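Coordinates in review
Below are the chains, spelled out letter by letter.
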Amino acid sequence: MSNVSYAQHKVGQFIMNKTGISFMELPDTSTVSDWVEDDMQIDEIDNIIPDLAWEILDDSGMDRDLVNSICYPMEDID
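Residues numbered from 1 in each chain as written. Predicted model: local features only at pLDDT ≥ 70, side-chain atom pairs only at ≥ 80, totals over all residues. Heavy atoms only, no water.

1. Focus: the overall build of the protein chain
Looking only at helices and strands, the protein chain has 4 helices and 0 strands in total. Rg of the C-alpha trace for the protein chain: 13 Å, near the compact-globule value of 12 Å for 78 residues, within the 12% margin. For the protein chain, the C-alpha atoms occupy an extent of roughly 40 × 30 × 20 Å along the three principal directions. The buried share of the protein chain, taken over its 78 residues, is 36%. Considering only residue pairs separated by 6 or more positions, the protein chain has 57% of its internal contacts joining residues 24 or more positions apart. Of the accessible surface of the protein chain, which amounts to about 5,100 Å², a share of 47% is contributed by carbon and sulfur atoms. (Helix = DSSP H or I, 4+ residues; strand = E, 2+ residues; numbered from the N terminus. Rg over C-alpha atoms; globule rule 2.2 N^0.38 Å. Buried < 20%, exposed > 50% of the residue type's maximum accessible area, 1.4 Å probe, protein only. Contact = heavy atoms within 4.5 Å. Areas by Shrake-Rupley, 256 points an atom, 1.4 Å probe, with all protein chains shown as cover.)

2. Description of helix 4 (residues 64-71)
Considered for burial, the residues of helix 4 that qualify are V67, I70 and C71. Across the axial projection of helix 4, the buried residues extend over an arc of 80°, all falling on one side. Of the residues flanking the start of helix 4, the one acting as N-cap is D63, its side-chain oxygen 3.1 Å from the backbone nitrogen of D65. (Arc of directions from axis to C-beta. Polar contact = N/O pair within 3.5 Å; in protein donor to acceptor, adjacent residues only side chain to side chain.)

3. A short note on the side chain of N3
Inspection of the secondary structure assignment puts N3 in helix 1 (residues 3-19). On the basis of relative accessible area, N3 is assigned to the buried category, the value being 13%. When sequence neighbours within four positions are dropped, the list of residues in contact with N3 reads V36, E37, D38, D39, M40, I42 and I45.

4. Things to note about the side chain of T31
Position of T31 among the secondary structure elements: in helix 2 (residues 31-35). The buried category is assigned to T31, whose relative accessible area is 1%. Setting aside anything within four residues of it in sequence, one finds T31 in contact with L52, E55, I56 and D59.

As C-alpha cells, then:
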C-alpha cells in the first residue's frame, strides 16, 4: 500500500468515526497527496491525520469551530 493510499484510508476512518461522513462524499479528496510524501514513515502519517482531516473538512465548507472541535478536541482539565 502506498503512503497516499494509507493516509487516505486513515483520514477516511478518522472522518467517518468523528462525523459519520464518508471521505469519498467530500469534495476534496486530493488534499492527501499534497501532504504525504513517498518517504514518510507510518508514524509521521499517523501524526498528521487530524491536520489532513481539518483541511478536508474546512475545504468542504464545514464551520471552522466545529472542524476544530472534531480534529483537535480539548483535553478535560481536572
